[in-house]
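# Fold and geometry: a report
Here is how the chains run, residue by residue.
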Amino acid sequence: MWKYAKENKFTIITFDADFFDLSNFKGHPPKIIWLRFGNTKTDFLADIINSRNAIIKDFISSAAYSEIACLEIK
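What this report covers is the structure whose coordinates are included nearby. (Residues numbered from 1 in each chain as written. Predicted model: local features only at pLDDT ≥ 70, side-chain atom pairs only at ≥ 80, totals over all residues. Heavy atoms only, no water.)

## A short note on the overall build of the protein
Cut-off, in case you're wondering: Helix and strand labels come from DSSP, where a helix needs a run of H or I of at least four residues and a strand needs a run of E of at least two; each type is numbered from the N terminus. The globule rule is 2.2 Å times the number of residues to the power 0.38, and the radius of gyration it is compared with is taken over C-alpha atoms. All accessibility values rest on the Shrake-Rupley procedure with a 1.4 Å probe; residue burial counts only the protein chains present in the view. Just so you know, the count uses Lys and Arg for positive and Asp and Glu for negative, and it drops His and the chain ends. Charged side chains are reduced to one point each, which is NZ for Lys, CZ for Arg, CG for Asp and CD for Glu.
Scanning the protein for helices and strands turns up four helices and three strands. Along the protein, helices and strands appear, N-terminal first, in the series α-β-α-β-α-α-β. The C-alpha atoms of the protein give a radius of gyration of 12 Å, which matches the 11 Å a tight globule of 74 residues would have. On the principal axes, the C-alpha backbone points of the protein span a range of 30 × 25 × 20 Å. With an accessible surface of roughly 5200 Å², the protein has 54% of that area assigned to carbon and sulfur atoms. Between the averaged position of the 10 positive side-chain charges in the protein and that of its 9 negative side-chain charges there is a distance of 3 Å.

Structure, rendered in structure tokens:
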């Protein structure tokens, strides 16, 4: 998955801390959006992601975040 995301310029959205660890080990891209929630409903996740749309877009595309591999959303 890591190689595929890197080659296709994807961002990985995950609940798994292992991806954060991988980004520290392998570097980026790909960028990681780490959702720091327990089990929850899809509608709740969609609302959280939509409400943070601006910061997510900036994190992915802005030069200001080019050296940051992981965005944690709590």
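There is more to say, and it comes next.
## Brief notes about the packing of aromatic side chains
Convention followed: When two rings of Phe, Tyr or Trp (its six-membered ring) have centres within 6.5 Å they constitute a pair, described as stacked for plane angles under 30 degrees, edge-to-face for angles over 60, and tilted for the intermediate range. Throughout this description, buried means an accessible area under 20% of the type-specific maximum (1.4 Å probe, protein chains only), exposed means over 50%, and partly exposed covers the range between. In our convention, an over-ring charge means Lys NZ or Arg CZ found within 6 Å of a ring centre and within 35 degrees of that ring's normal.
Enumeration according to the criterion identifies four aromatic pairs in this entry. Judged by centre distance (5.4 Å) and plane angle (90°), the ring pair of Phe 37 and Phe 44 falls under edge-to-face. Seen from their ring centres, Phe 59 and Tyr 65 are 6.4 Å apart, and the 65° between their planes marks the pair as edge-to-face. Judged by its relative accessible area of 1%, Phe 59 is buried. Above the plane of the ring of Trp 34 lies Arg 36, whose end atom (NZ or CZ) is 4.1 Å from the centre.

## What about the nonpolar core?
Which entries qualify depends on this criterion: Nonpolar cores were defined as sets of buried Ala, Val, Leu, Ile, Met, Phe, Trp, Tyr and Cys residues, with membership established by side-chain atoms within 4.5 Å.
In terms of nonpolar packing, the biggest core is built from nine residues, these being Ile 33, Leu 35, Phe 37, Leu 45, Ile 48, Ile 56, Phe 59, Leu 71 and Ile 73. For this core, the elements supplying multiple residues, two or more each, are strand E2 (32-35), helix H3 (42-51), helix H4 (53-61) and strand E3 (70-73). In terms of nonpolar packing, the next biggest core, distinct from the first, is built from seven residues, Ala 5, Ile 12, Phe 19 and Ile 32 among them.

## A few points about the side chain of Thr 14
Residue position: Thr 14 is located in strand E1 (residues 12-14). The exposure class assigned to Thr 14 is buried, which follows from its relative accessible area of 9%.

## Overview of the sheet that holds E1
Test applied: Here the rule is simple: two strands pair whenever DSSP picks up at least two bridges between them. A fitted line through C-alpha atoms represents every axis, and for helices the fit uses only the stretch in contact; the resulting angles, taken between N-to-C directions, go from 0 to 180 degrees. Contact between two residues is taken to exist if any of their heavy atoms lie within 4.5 Å; hydrogens are not considered.
In space, the three strands of this open sheet follow the order E1-E2-E3, with parallel pairing throughout. If you trace the sheet from one side to the other, it starts and ends with E1 and E3, each paired once. Sheet twist, expressed as the mean angle between neighbouring strand axes with direction ignored, is 15°. For E1 and E2, the ladder comprises three bridges, and the chain directions are parallel. Looking at E2, one finds that Ile 12 is bridged to Ile 32. Sitting on the sheet, H4 is in contact with E2 and E3, with an inclination near 165° to E3.

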